Amino acid sequence: MLSDTLRLGAFVAISQDRYYILYISYFCVLNLKSVNVSSKKPIAFFLFLFSFSFVFSQPQDDTPRPAIGKIKGVIQDYKSKLPVEFSTIALYRKKDSTLITGTVADSKGAFEISALEFRRYYMKINFIGYKLLTIDTLMIRPNRIEINMGTILLHTSSEQLDEVEVSTAKSSMTLGIDRKIFNVEKSIVSDGGSAADVLKNIPSVSVDIDGNVSLRGSQNVTVLVDGRPSSITGTNKAQILQQLPASSIESIELITNPSAKYDPDGMSGIINIVLKKNKLVGLNGGVSVSVGTFDKYSGSANISYRNSKLNVFSNYGFRDNTRTGSGWSNRQNILADTSYYLNSESDSRQRNISHNAKAGIDFYLDSKNTLGFSVLGNTGTEKSTATSFYTEANNTNETQASYYRDEKSGESPASIDYNMNFRRTFPKPKQELTFDATYSNSSNTSITDYSEREYTGKYAVKNNFPFQQNTTTKSVNGVTNLQLDYTQPLKKQMKIEAGAKTIMRNINSKFVSRTYNYTLDEFLFDTKINNNFQYKENIYAAYATFQGMIKKLGYQVGVRAEQANTSSYLVTTGEQFQNNYFNFFPSVHLSDKFNKVNELQLSYSRRINRPNTRSLNPFKDMSDPYNVRMGNPYLKPEYINSYELSYMKYWEKAVLTSSIYYRKTEGVISRIKTIGDSTVSYTTMVNLTSSSSYGFELIAKNDWTKWWNTTASVNLFETVIDGSNVDADLQNNNFSYELKLISNMKLLKNMDVQFTANYSGPSVTPQGHVREIFTMDFGVKKEIFRNASLSLNISDLTNTRKMYMESSGINFEQTMMRSRESRVATLTFAYRFGKASDKQKPRQKKPDANEMDSGGDMGM
């Protein structure tokens, strides 16, 4: 099946005709014979969607003409004369309105588009909060091969200008050579939700019921906030994602094969969460409040001010979220002479209250120097209760004993990030020096009380002295980042980038357990399981990249050198563990733009995945006495070689991106479960020999009409795991797939409707697999009066967001199910104010909305 899939990828990469695409869809459906019958319908549906999306591709003019023309200019705000950085420039062929190419203005508002053929063009310049500027006719000819447009002034949406048409909508997806950018500010289904709710509606990304994030089927992914490591990269990534409100997020960037400029951490790449920061002139702001079913409340507020001297911005988010959960587990322990059954059922209720705030100021010292400061803070409380019912049975499955175990816990997480950044530009375009310093600190105190009751069978005698235990876990995570980057443009579109970075990480985790002693009538310390674990990690890195163009072929090569010094100290026993290592991480990116609307990219990078502190701490976690967990201080990092071939095809109202990727991982970090006696299992972390993952991904965006657009994605992949170094039989493989559809419609006047569907196929683990999951979300938003809106969204319409798992080992077989409350209705009211939010009726016909932008040059 997968070989057919890879042939499909190659076929899409070279196909130019709409009829070929129809044939490809038919070809895929024929090959579904090898896929599970229950999975055929969703795959066939998505393949049909892709084929139908592109059957109306535009004809192309293949007449060869010299491609030596150039257009450049500088974009500024009409009033303040400040550069409008990151504004998008799209260039169209005058003859038939075919999108030829595009770019994004740099930090000085400058842009340049080169390698243009002799012909007539027109240009559209756009940025949120500004009116769309259409420049009607630009002609490249032999006696005028370069057009310098000088300073181009953009007017905000509140100003009157005959030549300007109003369009403040951002494209929902923007493609760059190394990343895909998804603008989520207008995501209706995430209103009132968290960062985890935003991520689960991003193509290629999935989020399980515990908030664990995966990119292309791998949970080994690096998550950044505003391009920097943060408290979010600490020991509880899922918890931070649940606390970060969706209303504070502007966009999500996916970088599946990062260059040497970036940290090499993460098997599948980088997810960068870009928080909102003011880019509009004047005073602007907004507020929103949300209420959801079964005690779910949230709110947010933001205010900002910008002029020619400074930019001040701040935002605040609040969440009060209550969720219920349930689960069950059936495990058969197979011993030498007999077998035992251990079954359990559980119910839980959790309430999370969090406050998230960010504030910052940028000083425009002069035309070349900018100094910025910001602080991001998060604090909250979390309280939960859970009850589990355990039963033990003999080899004929007759119940021998049972009891209830109650759990009450409370947590008080807090984190704060301080950032200072400096940027200096030079007279030479794109020459830049930046320095960035960040200190991030997070802490958490967790207190849990356990009790057992209603014993039966062989445990009945314990009813006179039921088990009581309380535990306290305190953790502190401090991270310091220092980074210096320099960009030096050269002749003929060449550029050198170089930089250095230091990461210093200190993590302390202290666990204290006490058990009630009925004889002494007091709680006594459990000295055998109490522990104090300290971890230090210092990383020193330097990188250099070189990029340029050979005719239409763009290239970038780079290497990153990194020295890592790590040490673990088990204070309880006095044991120390060290692991120091030096590595090179090369990267290569190639890009070939042929026919102006077709682009082929090839990339390679070497990456690393380091074990976290929970995986390294060797002390036993006995919060569940039947399922004991412990880390392994001798774990080594895993190393990944990642290859990717991508093809992008642009139409005036649609874009298709397809990728074939392959990842080879050595020393895979994985959980392994074994059975110690008749009832207790032990789970620890080990390095397996290797794993391979290869697959094919399609992402398509289509503007069907002025009122309806869709984004659809298909990710087909195979994973092969080799754990023969641990057990000769510890090998597994699985074919899986992920399907997503996002539909946006403008119905009636000022009403938007959004629908999303997600289907994740079965995934593989070294000792088993996780079953498929299907979910649907729905949202509607209505502008009720000037600058105010009301939205309603419902998550998991089908109430099918449940995780079923099966696993087996030498002496056990287990099936289990876990779920958390996921079908939730949320009502949100939002109000915004400021000059940039005022709307004017357009004087001319509006252009097609949600244009697909092509991200800049080879600059990563």
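If you're wondering where the values come from, they're calculated on a predicted model, not measured in any experiment. (Residues numbered from 1 in each chain as written. Predicted model: local features only at pLDDT ≥ 70, side-chain atom pairs only at ≥ 80, totals over all residues. Heavy atoms only, no water.)

Here we look at the overall build of the protein chain
Link 1 in the chain: Check the secondary structure of the protein chain and you find 6 helices and 45 strands.
Link 2 in the chain: Looking at the protein chain as a whole, 53% of its 860 residues qualify as buried.
Link 3 in the chain: In the protein chain, the share of contacts with a sequence separation of at least 24, taken over all contacts with a separation of at least 6, comes to 68%.
Link 4 in the chain: Entry remark: accessible area of the protein chain is about 37,500 Å², with carbon and sulfur atoms responsible for 56%. (Helix = DSSP H or I, 4+ residues; strand = E, 2+ residues; numbered from the N terminus. Buried < 20%, exposed > 50% of the residue type's maximum accessible area, 1.4 Å probe, protein only. Contact = heavy atoms within 4.5 Å. Areas by Shrake-Rupley, 256 points an atom, 1.4 Å probe, with all protein chains shown as cover.)

What about unusual backbone geometry?
Link 1 in the chain: With a phi close to 50°, Glu 454 is a non-glycine residue in the positive phi region.
Link 2 in the chain: Mapped onto the elements, Glu 454 comes out in strand S23 (residues 432-457).
Link 3 in the chain: Since its relative accessible area comes to 46%, Glu 454 is described here as partly exposed.
Link 4 in the chain: One non-glycine residue, Asp 796, lies in positive phi territory at about 50°.
Link 5 in the chain: Checked against the element boundaries, Asp 796 lands in the loop between strand S41 (788-795) and strand S42 (802-809).
Link 6 in the chain: On the basis of relative accessibility, which here comes to 2%, the residue Asp 796 falls in the buried class.

Description of the pattern of salt bridges
If charged atoms from side chains of opposite charge come close, those side chains can pair.
Link 1 in the chain: Throughout the structure, instances matching the rule amount to 25 salt bridges.
Link 2 in the chain: Between Lys 261 and Glu 497 there is a salt bridge; the shortest N-O distance is 3.3 Å. Of this pair, Lys 261 sits in the loop between strand S14 (249-255) and strand S15 (270-275) while Glu 497 is found in strand S25 (residues 495-517), placing the two residues 236 residues apart along the sequence.
Link 3 in the chain: Salt bridges linked by common partners bring Glu 85, Arg 423 and Glu 432 together as one network. (Salt bridge = Lys/Arg side-chain N within 4 Å of Asp/Glu carboxyl O.)

Structural notes on the nonpolar core
Link 1 in the chain: Ile 249, Ile 252 and Ile 271 are the most contacted members of the largest nonpolar core, which has 34 residues in total.
Link 2 in the chain: If you list the elements that add at least two residues to this core, you get strand S2 (88-93), helix H4 (195-199), strand S11 (205-207), strand S12 (213-215), strand S13 (222-225), S14, S15 and strand S32 (638-650).
Link 3 in the chain: Counting residues per element, this core draws most heavily on H4, at 4 residues.
Link 4 in the chain: Setting aside its immediate chain neighbours within four residues, Ile 271 contacts Leu 199, Val 205, Val 213, Leu 215, Val 221, Thr 222, Val 223, Leu 224, Ile 252, Glu 253 and Leu 254.
Link 5 in the chain: Listed in part, the 24 residues of the second largest apolar core include Val 84, Leu 133, Ile 152 and Leu 154. (Core = buried A, V, L, I, M, F, W, Y, C linked by side-chain atoms within 4.5 Å.)

A word on the environment of Lys 108
Link 1 in the chain: Mapped onto the elements, Lys 108 comes out in the loop between strand S3 (99-104) and strand S4 (110-117).
Link 2 in the chain: Through-space distance from the C-alpha of Lys 108 to that of Lys 368 is 8.8 Å; in sequence the pair is 260 residues apart.
Link 3 in the chain: Once residues within four sequence positions are removed from consideration, Lys 108 is found in contact with Val 74, Pro 83, Thr 425, Phe 426 and Pro 427.

Observations concerning the pairing of S42
Link 1 in the chain: Where strand S39 (residues 768-770) meets S42, 3 bridges bridge the pair, whose relative direction is antiparallel. Counterpart to Val 770 in the pairing with S42 is Met 805.
Link 2 in the chain: Where S42 meets strand S43 (residues 812-820), 8 bridges bridge the pair, whose relative direction is antiparallel. Paired with Lys 802 across the two strands is Ser 819, which belongs to S43.
Link 3 in the chain: Counted between consecutive antiparallel strands, the loop separating S42 from S43 contains 2 residues. (Pairing = 2+ DSSP bridges.)

Remarks on the environment of Val 84
Link 1 in the chain: Following the sequence through the fold, Val 84 ends up in the loop between strand S1 (67-77) and S2.
Link 2 in the chain: Assessed through its relative accessible area of 4%, Val 84 is described here as buried.
Link 3 in the chain: The spatial distance from the C-alpha of Val 84 to the C-alpha of Tyr 130 is 9.7 Å, given a sequence separation of 46 residues.
Link 4 in the chain: For Val 84, the residues in contact, after removing those within four places along its chain, are Ile 75, Gln 76, Asp 77, Ala 105, Gly 109, Phe 127, Tyr 130 and Leu 154.

Here we look at the confidence of the model for the protein chain
Link 1 in the chain: When the pLDDT values of the protein chain are averaged, the result is 81; 84% of them are 70 or greater.
Link 2 in the chain: Of the regions scoring below 50 in pLDDT, residues 1-62 engages in 107 contacts with residues more than four places distant in sequence or in other chains.
Link 3 in the chain: Segment residues 158-170: pLDDT under 50, and 46 contacts once partners within four positions in sequence are set aside and those in other chains are kept. (pLDDT = per-residue confidence, 0-100.)

Focus on the sheet that holds S1
Link 1 in the chain: Read from one edge to the other, the open sheet built from 3 strands follows the order S4-S1-S7, with strand pairing classed as mixed. Either end of the sheet is taken by a strand with one partner, and the two such strands are S4 and strand S7 (146-154). When strand polarity is set aside, the average angle formed by the axes of neighbouring strands in this sheet is 20°.
Link 2 in the chain: By the bridge criterion, 6 bridges tie S1 to S4 in an arrangement that is antiparallel. Note that in S4 the partner of Gly 69 across the bridge is Leu 116. (Axes fitted to C-alpha atoms, helices over the stretch in contact; angles between N-to-C directions.)

As for the packing of aromatic side chains
Link 1 in the chain: One pass over the structure, following the stated rule, counts 23 aromatic pairs.
Link 2 in the chain: Residues Phe 127 and Tyr 130 carry aromatic rings whose centres are separated by 6.4 Å and whose planes lie at 45° to one another, so their mutual orientation is tilted. Tyr 130 matches Phe 127 in its accessibility class, with the two residues each being buried.
Link 3 in the chain: With a centroid separation of 5.5 Å and an interplanar angle of 25°, the aromatic rings of Trp 704 and Trp 708 are classed as stacked.
Link 4 in the chain: Connected via pairs of aromatic rings, a cluster forms that spans Tyr 390, Tyr 403, Tyr 455, Tyr 459 and Tyr 626.
Link 5 in the chain: Positioned above the aromatic ring of Tyr 92 is the side chain of Lys 124, whose terminal nitrogen or guanidinium carbon lies 5.2 Å from the ring centre. (Phe/Tyr/Trp six-rings, centres within 6.5 Å; stacked < 30°, edge-to-face > 60°. Lys NZ or Arg CZ within 6 Å of the ring centre and 35° of its normal.)

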